[in-house]
Amino acid sequence: MPRRSVSAKRPRLQRVPAPLRRPPAPARSTRFRTAHLIATLHRVSEVLETVVEADQAAWAALVALTAGEGLGFNRAFLLLLQGDELRGLFGVGPRSREEAAAVWAEIRQREVRPLERLARPDPLVVEGERVRHADLLARLSHTVANGCAGWRRAFVGRANHPNPCVRHWIGVLDSEALAVLPMMSSEGPWGVVIADNFVTRAPIVPATLEAAQTIVHALRAALERTRLLDSLHEEQRRLVAAEHATTLLETARTLAHDLKNPLALAGGLARELVNAPLPTGDSLFKHLAIIAAAVQRAEERLAQLADGLASQVSKVSLASIEVGQVVGRVAAAFQPLADSRGIRLVFYRPARELVAVAEPSLLERCVENLIGNGLEALREARTPAPVVRVAVFENADEVHVEIADNGPPLPGLLRADPFSGALSGPRSGTGLGLVSVRRLVDAMSGRVEYDEREPGWVRFTVHLRRSG
Amino acid sequence: MSTPCVLFVDDEEGLLELYTSAFGREGYRVRTAASLDAARTALAGEAVDLVVLDIRLTEGSGLALLREIKAATPRLPVVLSTAYARYQDEFSSWLADAYVVKSSDLAELKRAVRRCLGTTG
């Protein structure tokens, strides 16, 4: 929840109830105010340039707009264009004057500084804001009409504004003056952010409006990037699926050809022998020889297929690799995602090299699965102070890669044999991911274990044979 | 119509043996070709009334020959006979007059041959 900073020295605020007053602040010159706005813009821009999730981008921008040490709006809402509707998606701030009094007093008492947590918001709080504003956001949604969303510049709307969307929002929010901050790209309108001071009734000055518009531009760019990332991930998933499908199709054709041909031949000739008039001795012998050869060919092809499948494992070329480096690379790749979800991803490796027999790409996939599993579990469980711990260490014979998280334990059914392929509940996708982990570890002649020995922690440990 | 002549194209010599025996007994004149080139040679020689064509051949796809046949002699019926049922989904296979999945039971292939020859008179 954004922190209020309210100046008691400002005469127009003297009639505002005590909990809603801004705390005493130094006299703010224009230069001070400008420097303050620039600092806020700089801070939120840094965050918006790196976020990878739309929720977090929306949160960062709206908090910057509403925080006391930010732009100081009382509340703000994000509406995005979906089809022919501007749909309310996210909101920050109190819903009523009473709520504002209670919440801002608590924020002041606890000295919460929302801008300091812009980059790592508490997922619980973010989700809480979404739920809290769900009803209001639904009411703010409006069909695009008469140029709604086509604005190019920020403006302050009032009850007599000619645009029906603006009048609708002012009506829903019971607002006297509303900052309307359009989101526009070169391809057209994206949506709008609206913000007001319905409690403090502070005027919306041009400098604040301009700064707010700058934040909203940065938000639009961030949302565009998260959409692009999502579409790239989706495209990647589709390509992988297409490659798998092509391979499977070719395998099916080969199997049909290599197995069905000899079987059809053997069976067909056998039927001929049953149905046809008894052939001459030579002919009978010839047919039987063809049948025997066809059956033998089918047997040999089956054996080749079985060997081929089994040899997929032995085709893995194992080598001596520095495990800490590989695992560290994967952990670093996950760091932005963990940060964006407010999850601490901690990686430990000793200074010395830990060399084991493995295959780098298999080990990477294995660690990716396990870290990804931990991050997903923590996101779904909404664990307070969520942590994923990745550590590499060794004993006399093995190098161990440990991935632990303080999320919920595996479901009972899965716990008996986590790597069996049984599907899970709270940890979505865990079952199949763990099957994959076991196969990957098996292919490296290692082993993987699951335990909950440390209270509150779920831990997977990959054991790899030490090299040298 | 005199005794119909059917050309079987398949790289599985044993199957050609089977077709010769089974369709010979049905009263057809049977010609066989174990490769695409042999099939082209056979088609350029004696006139045939129908072609039974495998798709997956050692040196290429029977679908290529199917297109050649239909380009040169559109009225010559062609029955595709293959081990893999899903070739039916391939657009090129739609040129064929019939599609039969290989089986040790030749009844369906025989029915398809009869039907195609009947429709062409």
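Note: the structure precedes this text.
Residues numbered from 1 in each chain as written. Chains lettered and ligands numbered in written order. Predicted model: local features only at pLDDT ≥ 70, side-chain atom pairs only at ≥ 80, totals over all residues. Heavy atoms only, no water.

1. Section: the overall build of chain A
Within chain A, the regular secondary structure consists of 12 helices and 13 strands. Looking at the 468 residues of chain A, the share that counts as buried comes to 47%. Long-range contacts, defined here as pairs at least 24 residues apart, represent 69% of the contacts in chain A between residues at least 6 apart. Summed over its atoms, the accessible surface of chain A is roughly 23,300 Å², and 56% of this surface lies on carbon and sulfur atoms. (Helix = DSSP H or I, 4+ residues; strand = E, 2+ residues; numbered from the N terminus. Buried < 20%, exposed > 50% of the residue type's maximum accessible area, 1.4 Å probe, protein only. Contact = heavy atoms within 4.5 Å. Areas by Shrake-Rupley, 256 points an atom, 1.4 Å probe, with all protein chains shown as cover.)

2. A word on the overall build of chain B
Within chain B one finds 4 helices and 7 strands. Reading chain B from its N terminus to its C terminus gives the helix and strand order β-α-β-α-β-β-β-α-β-β-α. Burial statistics for chain B: of 121 residues in total, 50% are counted as buried. Across chain B, every contact between residues at least 6 apart in sequence was considered, and the portion connecting residues at least 24 apart equals 61%. Here chain B has roughly 5,500 Å² of accessible surface; of this, 51% comes from carbon and sulfur atoms.

3. Comments concerning helix 9 (residues 323-340) of chain A
Residue and element names in this part refer to chain A. Here helix 9 spans 27 Å end to end across 18 residues, near enough to the 26 Å set by a 1.5 Å rise per residue. Along its length, helix 9 reaches its greatest deviation from straightness, about 35°, at Phe334, and the proline Pro336 lies no more than four positions downstream. Considered for burial, the residues of helix 9 that qualify are Val323, Gly324, Val326, Val327, Gly328, Val330, Ala331, Phe334, Ala338 and Ser340. At the N-terminal boundary of helix 9, the capping side chain belongs to Glu322, with an oxygen 3.2 Å from the backbone nitrogen of Gly324. (Expected span 1.5 Å × (residues − 1). Bend = angle between axes of the 7 residues up to and from the residue. Polar contact = N/O pair within 3.5 Å; in protein donor to acceptor, adjacent residues only side chain to side chain.)

4. Re the side chain of Asn406 of chain A
All names here are of chain A. Residue placement: Asn406 occurs in the loop between strand 11 (398-405) and helix 11 (412-416). Classification of Asn406 by relative accessible area gives buried; the value is 16%. A polar contact is formed between the side chain of Asn406 and the backbone oxygen of Ala385, at a distance of 3.0 Å. For Asn406, the side chain forms a polar contact with the main-chain nitrogen of Val387, separated by 2.9 Å. Aside from chain neighbours lying at most four places away, what touches Asn406 is Leu378, Thr383, Pro384, Ala385, Pro386, Val387, Gly456 and Trp457.

5. Observations concerning the pattern of salt bridges
All names here are of chain A. As enumerated under the stated definition, the model contains 38 salt bridges over all chains in all. Salt-bridge contacts for Arg139 lead to Asp135; the nearest nitrogen and oxygen are separated by 3.6 Å. Here Arg139 pairs with Asp135, and both are found in helix 5 (residues 134-140), just 4 residues apart, close to one helical turn. Residue class for Arg139 comes out partly exposed when judged on its relative accessible area of 42%. (Salt bridge = Lys/Arg side-chain N within 4 Å of Asp/Glu carboxyl O.)

6. Notes on the packing of aromatic side chains
All told, the structure shown has 7 aromatic pairs over all chains when counted by the stated rule. A connected cluster of aromatic rings, assembled from ring pairs, spans Phe8, Tyr19, Phe23 and Tyr28 of chain B. Over the aromatic face of Phe198 of chain A sits the side chain of Arg75 of chain A, whose NZ or CZ is 3.6 Å from the ring centroid. The ring of Trp457 of chain A has Arg389 of chain A sitting right over it, with the charged end atom 4.2 Å from the ring centre. (Phe/Tyr/Trp six-rings, centres within 6.5 Å; stacked < 30°, edge-to-face > 60°. Lys NZ or Arg CZ within 6 Å of the ring centre and 35° of its normal.)

7. Points about the sheet that holds strand 3 (residues 50-53) of chain B
All names here are of chain B. Taken together, the 5 strands give an open sheet; going across it, the order is 2-1-3-6-7, and neighbouring strands pair in parallel fashion. Lying at the two open borders of the sheet, with one neighbouring strand each, are strand 2 (29-33) and strand 7 (98-101). Taken over all neighbouring pairs, the strand axes of this sheet differ in orientation by 20° on average, direction set aside. Relative to strand 2, strand 1 (residues 5-9) is paired through 5 bridges, and the arrangement is parallel. Looking across to strand 2, one finds that Phe8 is bridged to Thr32. Across the face of the sheet, helix 3 (residues 62-72) comes into contact with strand 3 and strand 6 (78-82) while running at roughly 175° to strand 6. (Pairing = 2+ DSSP bridges. Axes fitted to C-alpha atoms, helices over the stretch in contact; angles between N-to-C directions.)

8. A few points about the interface of chain B and chain A
With 19 residues of chain B in contact, the opposing surface of chain A contributes 24 residues. If you sort the residues of chain B by the area they bury against chain A, Arg56, Tyr84 and Ser104 of chain B come out on top, with a joint share of 31%. In this assembly, chain B and chain A are joined by 4 salt bridges. Inspection of the region where chain B meets chain A yields 9 residue pairs in polar contact (both at pLDDT 80 or more). For the side of chain B that touches chain A, the element with the most residues is helix 1 (residues 13-25) of chain B, which contributes 7 residues. Of the residues assigned to the side of chain B that touches chain A, the class counts are 7 nonpolar, 4 polar and 8 charged. (Buried area = accessible area lost by both parts, 1.4 Å probe. Nonpolar A, V, L, I, M, F, W, Y, C, P; charged D, E, K, R; others polar.)

9. A closer look at the sheet that holds strand 13 (residues 458-465) of chain A
Residues and elements named next belong to chain A. The mixed open sheet is built from 5 strands, whose spatial order is 8-10-11-13-12. Each edge of the open sheet is held by one strand with a lone partner, namely strand 8 (344-348) and strand 12 (447-451). Taking the axes of each pair of neighbouring strands and ignoring which way they run, one obtains an average angle of 15° across the sheet. Here 8 bridges tie strand 11 to strand 13, and the two strands are oriented antiparallel to one another. Across the sheet, Val401 pairs through a bridge with Val462, a residue of strand 13. Sitting on the sheet, helix 10 (residues 360-381) touches strand 8, strand 10 (387-394), strand 11 and strand 13, and the angle it makes with strand 11 is about 20°.

10. Details of unusual backbone geometry
Residues and elements named next belong to chain A. Its identity is not glycine, yet Ala385 carries a phi of approximately 45°, on the positive side. The class for Ala385 is exposed, based on a relative accessible area of 60%. Residue Ser445 is not a glycine yet carries a positive backbone phi of 55°. Of note, Ser445 is situated in the loop between helix 12 (430-443) and strand 12.

11. Let's talk about the nonpolar core
Residue and element names in this part refer to chain A. Formed by 43 residues in total, the largest nonpolar core has its most connected members in Leu48, Leu65, Leu78, Met183, Val193 and Leu219. Other than its neighbours up to four places away in sequence, Leu65 contacts Leu71, Gly72, Phe73, Ala76, Leu181, Val193, Ala212 and Ile215. Core analysis: the next-biggest nonpolar cluster, separate from the first, contains 41 residues, Ala358, Leu362, Val399 and Ile403 among them. (Core = buried A, V, L, I, M, F, W, Y, C linked by side-chain atoms within 4.5 Å.)

12. Re the pairing of strand 6 (residues 188-196) of chain A
All names here are of chain A. Among the 9 residues that make up strand 6, 8 are buried, leaving the element largely enclosed by the rest of the structure. As judged from the 6 bridges shared by strand 1 (residues 75-82) and strand 6, these two strands associate in the antiparallel manner. Across the sheet, the residue bridging to Arg75 is Asp196, located in strand 6. Note that strand 5 (residues 178-185) and strand 6 share 8 bridges and pair antiparallel. Within the sheet, the bridge partner assigned to Ser185 lies in strand 6 and is Gly188. Here strand 5 hands over to strand 6 after 2 residues, the two strands then running antiparallel side by side.

13. With respect to the packing of helix 7 (residues 206-275) of chain A against helix 1 of chain B
Their axes nearest at 9 Å, the elements helix 7 of chain A and helix 1 of chain B cross at an angle of 35°. For helix 7 of chain A against helix 1 of chain B, the interelement crossing comes out left-handed. When helix 7 of chain A is examined against helix 1 of chain B, the residues Asn261, Ala264, Leu265, Gly268, Leu269 and Glu272 of chain A are found in contact with a partner set consisting of Gly14, Leu15, Leu18, Ser21, Ala22 and Arg25 of chain B. Residue composition of the contact of helix 7 of chain A with helix 1 of chain B, by class: 6 nonpolar, 4 polar and 2 charged. (Left-handed = near helix turned anticlockwise from the far one by under 90°.)

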